[in-house]
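# Observations on chain architecture
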Amino acid sequence: QDDSSLENMVRRFQDSMSLPKRHKFWETQPVGQFKDVGDTSLPEGPIEPPTPLSEVKQEPYNLPSQYEWTTCDMDSEETCIEVYNLLKNNYVEDDENMFRFNYSKEFLSWALRPPGYYKSWHIGVRAKTSKKLVAFITGIPARIRVRDEVVKMAEINFLCVHKKLRSKRLAPVMIKEVTRRVHLENIWQAAYTAGVVLPTPISTCQYWHRSLNPKKLIDVGFSRLGPRMTMSRTIKLYKLPDQPVTPGFRKMELRDVPAVTRLLRQYLSQFVVSPDFDENDVEHWLLPTEDVVDSYLVESPKTHDITDFCSFYTLPSSILGNQNYSILKAAYSYYNVSTKTPLLQLMNDALIVAKKKDFDVFNALDVMHNESFLKELKFGPGDGQLHYYLYNYRTRNALRASELGLVLL
Ligand SMILES: CCCCCCCCCCCCCC(=O)SCCNC(=O)CCNC(=O)[C@H](O)C(C)(C)COP(=O)(O)OP(=O)(O)OC[C@H]1O[C@@H](n2cnc3c(N)ncnc32)[C@H](O)[C@@H]1OP(=O)(O)O
Ligand SMILES: CNCCCN(C)c1ncc(F)c(N2CC(C(=O)NCc3cnc4ccccn34)C2)n1
């Protein structure tokens, strides 16, 4: 029996005995370790000091002999298609394998090319003979504030190993390689989220879903008909007005970038962890891009001040094995700011425009002030939890979801 299947047997046994899980890789990494949880003597901040650049490993980590590293040029349409197809067929699924994320090519191109991005952080693994892309991991640079410290970090995402190459310990090699390439740019911290528990979350959030097309959601098994509910009663329950109700509610435009940046920076300063966006970042991340990100603002009809902002990104899921539908069109709440319009009303307008754009469901995490509108706007709690992590940065203790002002894609 090769090592990995023995490893899997051991893991299944451990799980069945609910023994504390070993994290052979993560226990070697500068991350909060489970054994240290609650030890308030450990200071908040970097866990390890930077290494002198001359001491950073210059050559890539070793892969199994039949594979080779490749840098994925996301400016190339051909490479974008390869990355899109790898993720479409092998990326995150729900626990019942009914859905799989289907990030679009345009979305991936947007998500991976923010101001100051490094091509070398878009890392692929190919089979040497077929040249087939079989694994992927990405980093993008971000300035993340933790309390009063603004830290240059890498946001790590899109870790994916082809289904046929799972449980071969390829993921740790991918992670070490992206870590090495980030170190070469003199960056020593990272931020990432995952649906799985690893050493050690800085916070854990709950997903909430607001039905926009309840008939389709029930048909595909995303939701179930409530007790004592008929389909027509359910459709009526989730019905929304045809137009937003807030006077001055309109799409964001390029000319709004300075005002939206001021509004967002001020609003995000109240959270313990948040991005430190400048105007270039706001232009990239929040200017509307068709089928990728939508953003709206409220311009006071009287003063023409910009007083509120809301945004959501487009992340469809493939529906695995349903006769009538193949795609679930989902909107994910992104960054929202309310200073004059009640957040409840602002988010209801976001639901209205999302329904108008034919989204089936509007998802939101219970981060920032989202808790204040979720139940009232008829969101239901989801099955997935999202765990937030920092690499080589300890936080004093775990944060409440409402202390998080960071949304990763
Ligand atoms: C300074 C710069 C630092 C930059 C780096 C910062 C860290 C970035 C970290 C990455 C942030 C990613 C953010 C996202 O993209 S989250 C989305 C992750 N992708 C998916 O879930 C897609 C579907 N699944 C797969 O493609 C594979 O199952 C993956 C690739 C996830 C694991 O492949 P496989 O199933 O074939 O396993 P293995 O035998 O190779 O390796 C097993 C080891 O890998 C650990 N593992 C499993 N899942 C994850 C996970 N999601 N994050 C971190 N570690 C993970 C696991 O605990 C075990 O280690 P240990 O428990 O024994 O210790
Ligand atoms: C590193 N990037 C983190 C974000 C990845 N994101 C968006 C994510 N990570 C874990 C989740 F648990 C999750 N959920 C959204 C909720 C949901 O919609 N659950 C039903 C469902 C529909 N389609 C899919 C596809 C995959 C998993 C669940 N799915 C649960 N989202």
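These remarks concern the structure in this document. Computed from a predicted structure; not experimentally measured. (Residues numbered from 1 in each chain as written. Chains lettered and ligands numbered in written order. Predicted model: local features only at pLDDT ≥ 70, side-chain atom pairs only at ≥ 80, totals over all residues. Heavy atoms only, no water.)

### Observations regarding the environment of Ala 111
Here Ala 111 shows up in helix H3 (residues 105-112). Along the chain, Ala 111 and Leu 346 lie 235 residues apart, while their C-alpha atoms are 25 Å from each other. Sequence-distant contacts of Ala 111, that is, excluding residues within four places in its chain, are made with Ile 140, Phe 158, Trp 285 and Leu 409. (Helix = DSSP H or I, 4+ residues; strand = E, 2+ residues; numbered from the N terminus. Contact = heavy atoms within 4.5 Å.)

### A few points about the sheet that holds strand S12 (residues 317-319)
Pairing within the open sheet is antiparallel, and its three strands lie in the order S2-S12-S13. Lying at the two open borders of the sheet, with one neighbouring strand each, are strand S2 (99-101) and strand S13 (327-328). Pairing geometry for S2 and S12, over three bridges, is antiparallel. Bridge assignment links Arg 100 to a residue of S12, and that residue is Ser 318. In the packing of helix H2 (residues 77-90) onto the sheet, the strands contacted are S2 and S12, and the crossing angle to S2 comes to about 155°. (Pairing = 2+ DSSP bridges. Axes fitted to C-alpha atoms, helices over the stretch in contact; angles between N-to-C directions.)

### A few points about the pairing of strand S5 (residues 149-161)
When strand S4 (residues 133-146) meets S5, the two strands line up antiparallel, connected through eleven bridges. Its bridge partner being in S5, Gly 139 is matched across the sheet by Ile 156. From the end of S4 to the start of S5, which pair antiparallel, there are two residues, and Arg 147 there has a positive phi angle of about 55°. The pairing of S5 with strand S6 (residues 189-194) spans three bridges and is classified as parallel. Considered in S6, the bridge of Glu 155 is made with Ala 191. Taken together, S5, helix H4 (residues 170-183) and S6 form a β-α-β motif whose crossover is right-handed. (Right-handed = clockwise from strand over helix to strand, strands pointing away.)

### Some points on the nonpolar core
In this structure, Tyr 334 and Tyr 335 are the most contacted members of the largest nonpolar core, which totals 75 residues. If near-sequence neighbours (up to four positions away) are discounted, Tyr 335 is found in contact with Leu 264, Leu 268, Pro 275, Phe 277, Leu 286, Phe 309, Cys 310, Ser 311, Met 368, Gly 405, Leu 406 and Val 407. In terms of nonpolar packing, the next biggest core, distinct from the first, is built from 30 residues, Phe 25, Met 174, Ala 190 and Leu 198 among them. (Core = buried A, V, L, I, M, F, W, Y, C linked by side-chain atoms within 4.5 Å. Buried < 20%, exposed > 50% of the residue type's maximum accessible area, 1.4 Å probe, protein only.)

### Remarks on the packing of helix H7 (residues 257-268) against helix H8 (residues 279-286)
Running from N to C, H7 and H8 point in directions that differ by 100°, and their axes come no closer than 9 Å. It follows that H7 is roughly perpendicular to H8 by the angle criterion. Along its contact with H7, which presents Val 257, Pro 258, Val 260, Thr 261 and Leu 264, the element H8 presents Glu 279, Val 282, Glu 283 and Leu 286. Its residues placed into classes, the contact of H7 with H8 shows six nonpolar, one polar and two charged. (Parallel < 35°, antiparallel > 145°, perpendicular 65-115°, else oblique. Nonpolar A, V, L, I, M, F, W, Y, C, P; charged D, E, K, R; others polar.)

### Let's talk about the packing of aromatic side chains
Summed over all chains, the structure comprises 26 aromatic pairs. With centroids separated by 5.1 Å and ring planes inclined at 75°, the aromatic side chains of Trp 110 and Trp 285 adopt a geometry described as edge-to-face. Placement of Trp 110 in helix H3 and of Trp 285 in helix H8 is noted, with a sequence separation of 175 residues between them. Take Trp 110 and Trp 285: they sit in the same class, and that class is buried. Consider the rings of Tyr 296 and Phe 312, whose centres lie 6.4 Å apart with planes at 25°: the pair is stacked. (Phe/Tyr/Trp six-rings, centres within 6.5 Å; stacked < 30°, edge-to-face > 60°.)

### Details of the packing of H2 against H3
It is the contact of H2 with H3, at a shortest axis distance of 9 Å, that shows an interaxial angle of 105°. By the angle class used here, H2 and H3 are roughly perpendicular. Contacts between H2 and H3 involve Glu 77, Cys 80, Ile 81, Val 83, Tyr 84 and Leu 87 from the first element and Lys 105, Leu 108 and Ser 109 from the second. Here the contact of H2 with H3 is composed, by residue class, of six nonpolar, one polar and two charged.

### Some thoughts on H8
Three or more residues of H8 are buried, namely Asp 281, Val 282, His 284, Trp 285 and Leu 286. In this structure, the buried residues of H8 make contact with H3, S4, H7, strand S10 (293-299) and strand S11 (306-314). The N-cap of H8, judged by a side-chain oxygen 3.0 Å from the amide nitrogen of Asn 280 a few residues on, is Asp 278. (Polar contact = N/O pair within 3.5 Å; in protein donor to acceptor, adjacent residues only side chain to side chain.)

### As for the site of ligand 1
Near ligand 1, the surroundings consist of 32 residues, among which His 23, Leu 159, Ser 167, Arg 169 and Ala 171 are the closest. In this structure, an oxygen atom belonging to ligand 1 sits 3.4 Å away from a side-chain N or O atom of Arg 166. Taking Ala 171, its main chain carries an N or O atom lying 2.8 Å from an oxygen atom of ligand 1. For ligand 1, whose unbound accessible area comes to 1200 Å², protein coverage reaches 88%. Taken together, the residues of the shell around ligand 1 break down into 20 nonpolar, eight polar and four charged. (Near = heavy atom within 4 Å. Areas by Shrake-Rupley, 256 points an atom, 1.4 Å probe, with all protein chains shown as cover.)

### Examining the site of ligand 2
Every one of the 19 residues lining ligand 2 counts as a neighbour, but Phe 101, Thr 193, Tyr 207, Ser 317 and Leu 409 are closest to it. The contact in question runs from a nitrogen atom of ligand 2 to an N or O atom on the side chain of Tyr 207, over 3.3 Å. Contact between ligand 2 and Leu 409: a nitrogen atom at 3.1 Å from a main-chain N or O atom of the residue. In the complex, the protein chains occlude 93% of the 620 Å² of accessible area that ligand 2 would expose alone. Elements with a contribution of two residues or more to the shell around ligand 2: S2, strand S7 (203-211) and strand S17 (379-391). Tallying contributions element by element places S17 first for the shell around ligand 2, with three residues. Class assignment of the residues belonging to the shell around ligand 2 gives a composition of ten nonpolar, six polar and three charged.

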